[in-house]
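Coordinates in review
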Amino acid sequence: MMQRQKSYDNDRPTLYLVATPIGNLNEFSPRAINILKEVSLIACEDTRTSRTLLDHFGITAKTVSYHNFNESESSEGLLKILNAGTDVALISDAGYPLISDPGYKITDQAIAEGYNVVTISGPNAALNALVASGLSTVHYLYYGFLSEKNSAARKELDHLKMFPYTMIFYESPHRIKNTLKNVYDIFGDRKACLARELTKKHEEYIRGRLSEMQDLDSLKGEIVLIVEGYKEDDIVIDYISVKESIDAYISEGYSSKDAIKKVAKELGISKNEIYREYHK
Ligand code: SAM
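It should be emphasised that the depicted structure is a prediction, and the values quoted were computed from it without experimental measurement. (Residues numbered from 1 in each chain as written. Predicted model: local features only at pLDDT ≥ 70, side-chain atom pairs only at ≥ 80, totals over all residues. Heavy atoms only, no water.)

A short note on the pattern of salt bridges
When the charged atoms of two side chains lie near each other, side chains of opposite charge can form a pair. Enumeration according to the criterion identifies 9 salt bridges in this entry. Note that Lys-231 is salt-bridged to Glu-228, the shortest N-O span being 2.3 Å. Taking the relative accessible area as the measure of exposure, Lys-231 reaches 40% and is therefore partly exposed. Members of the salt-bridge network, linked through shared partners, are Arg-154, Lys-181 and Asp-185. (Salt bridge = Lys/Arg side-chain N within 4 Å of Asp/Glu carboxyl O. Buried < 20%, exposed > 50% of the residue type's maximum accessible area, 1.4 Å probe, protein only.)

Here's what the structure looks like:
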């Protein structure tokens, strides 16, 4: 059923979704701090991490934990508190709650039960990275994290390879090298940007082509990867048809080495790359 919420023109309790800094504490907005001072309960992804931040700003409200593994029971608890007529805030460890972070369930349920749900703006790693990436911002896709399993991540990238708009991925430092390789293998040599440690002392942007990013060292800290979307003239290698072409030459009597060489020449890509894929 359609609902209209005039956020500041009713006396229903409110669930505030409050963005917190992604590094630089000066980015915590006065409005966010005031709201967190006014509510009597703050649901946090990790209460210990958030307590440090809250203490720094003199926010004394009680905290409860709300994370991926207790979403159902915590949501029930939070709904009871809203039901008692009290406003509640939800924060995550950094940036916006719900953006690659917990909070969807309580938001969905609070809306279904007719409470106000209001966002308090603040920093977000994806948007910070996107706007300074140098890549098109007209249309973009926020993808978040690819699957942790390599084969599943490659499949996801395969589905995205013809997507025509800029794509934003979150990544952890121990998987970024492998992800850069997968993205290069599957998308081809597109423009990309790595945005590291945003808003912090060691912030770094690495802008260039995916081929140039394959041997990067010391990609530590928090990282966003932005990749250019598909363009009509991109060479996207369809390895299934590459395999079929090689097999067809072999059945015509070519050695596998010569068949690979021929297909590589036809496609204008390195025979080593085709050799690697063919023998996978
Ligand atoms: N909710 C957050 C937001 O709104 O951006 C995202 C949380 S998600 C669990 C954590 C990921 O966000 C990191 O692995 C990294 O990809 C990205 N991230 C968070 N803070 C960042 C920063 N300061 N610099 C670069 N990337 C960051």
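So much for the structure itself; the text now carries on.
Side note on the side chain of Arg-175
Mapped onto the fold, Arg-175 is located in the loop between strand S7 (166–171) and helix H7 (176–187). Beyond its immediate chain neighbours, meaning those up to four positions away, Arg-175 contacts Phe-145, Leu-146, Ser-147 and Glu-148. (Helix = DSSP H or I, 4+ residues; strand = E, 2+ residues; numbered from the N terminus. Contact = heavy atoms within 4.5 Å.)

Let's talk about the packing of helix H8 (residues 239–251) against helix H10 (residues 271–278)
For the pair H8 and H10, interaxial distance at closest approach is 10 Å and the crossing angle is 90°. Regarding the angle of H8 to H10, the classification is roughly perpendicular. Facing Tyr-239, Val-242, Lys-243, Ile-246, Asp-247 and Ile-250 of H8, the residues of H10 in contact are Glu-273, Ile-274, Glu-277 and Tyr-278. For the contact of H8 with H10, a count of residues per class yields 6 nonpolar, no polar and 4 charged. (Axes fitted to C-alpha atoms, helices over the stretch in contact; angles between N-to-C directions. Parallel < 35°, antiparallel > 145°, perpendicular 65-115°, else oblique. Nonpolar A, V, L, I, M, F, W, Y, C, P; charged D, E, K, R; others polar.)

A word on the pairing of S7
Within S7, 6 of the 6 residues are buried, which leaves it mostly tucked inside the rest of the structure. Burial of S7 is two-sided: the residues Thr-166, Ile-168 and Tyr-170 facing one way and the residues Met-167, Phe-169 and Glu-171 facing the other way are all buried. Pairing between strand S6 (residues 140–145) and S7: 5 bridges, direction parallel. Opposite Tyr-142, over in S7, you have Ile-168 as the bridge partner. Between the parallel elements S6 and S7, the chain passes through helix H6 (residues 150–160) in a crossover that is right-handed. Direction of pairing for S7 relative to strand S10 (residues 223–227): antiparallel, over a ladder of 5 bridges. For Met-167, the partnering residue across the bridge sits in S10 and is Val-227. (Pairing = 2+ DSSP bridges. Right-handed = clockwise from strand over helix to strand, strands pointing away.)

Considering helix H9 (residues 256–267)
Taking 1.5 Å per residue, 12 residues should reach 16 Å; H9 reaches 16 Å between its end C-alpha atoms and fits that length. When H9 is considered as a whole, its buried residues turn out to be Ala-259, Ile-260, Val-263 and Ala-264. The buried side chains of H9 occupy one side of the element, clustering within an arc of 130° when seen end-on. Among the exposed residues of H9, those oriented more than 90 degrees off its buried face are Lys-257, Lys-265 and Glu-266. Those residues of H9 hidden inside the fold are in contact with H8 and H10. Phi turns positive, to about 70°, at Gly-268, one or two residues after H9. (Expected span 1.5 Å × (residues − 1). Arc of directions from axis to C-beta.)

Section: the sheet that holds S7
In spatial order, the strands read S6-S7-S10-S8-S9; together these 5 strands make up an open sheet with mixed pairing. Of all strands in the sheet, those bounded by a partner on one side alone are S6 and strand S9 (204–209). Averaged over all pairs of adjacent strands, the angle between strand axes in this sheet comes to 15°, irrespective of strand direction. As paired elements, strand S8 (residues 191–196) and S10 share 5 bridges and run antiparallel to each other. Looking at S10, one finds that Arg-196 is bridged to Ile-223. Strands S6 and S7 of the sheet are contacted by H6, whose axis makes an angle of about 175° with S6. Against the sheet, H7 makes contact with S7, S8 and S10, and its axis sits at roughly 5° relative to S10, the strand it touches most.

Overview of the site of the ligand
In the region of the ligand, 19 residues are neighbours, and Ile-99, Asp-101, Tyr-170, Leu-198 and Ile-223 sit closest. In the model, a nitrogen atom of the ligand is placed 2.8 Å from a nitrogen or oxygen of the Asp-101 side chain. Against a free-state accessible area of 570 Å², the protein chains account for coverage of 91% of the ligand. When contributions to the shell around the ligand are tallied by element, the ones reaching two or more residues are S7 and S10. In terms of residue class, the shell around the ligand is built from 11 nonpolar, 3 polar and 5 charged. (Near = heavy atom within 4 Å. Polar contact = N/O pair within 3.5 Å; in protein donor to acceptor, adjacent residues only side chain to side chain. Areas by Shrake-Rupley, 256 points an atom, 1.4 Å probe, with all protein chains shown as cover.)

That's the geometry; what it means functionally is another story.
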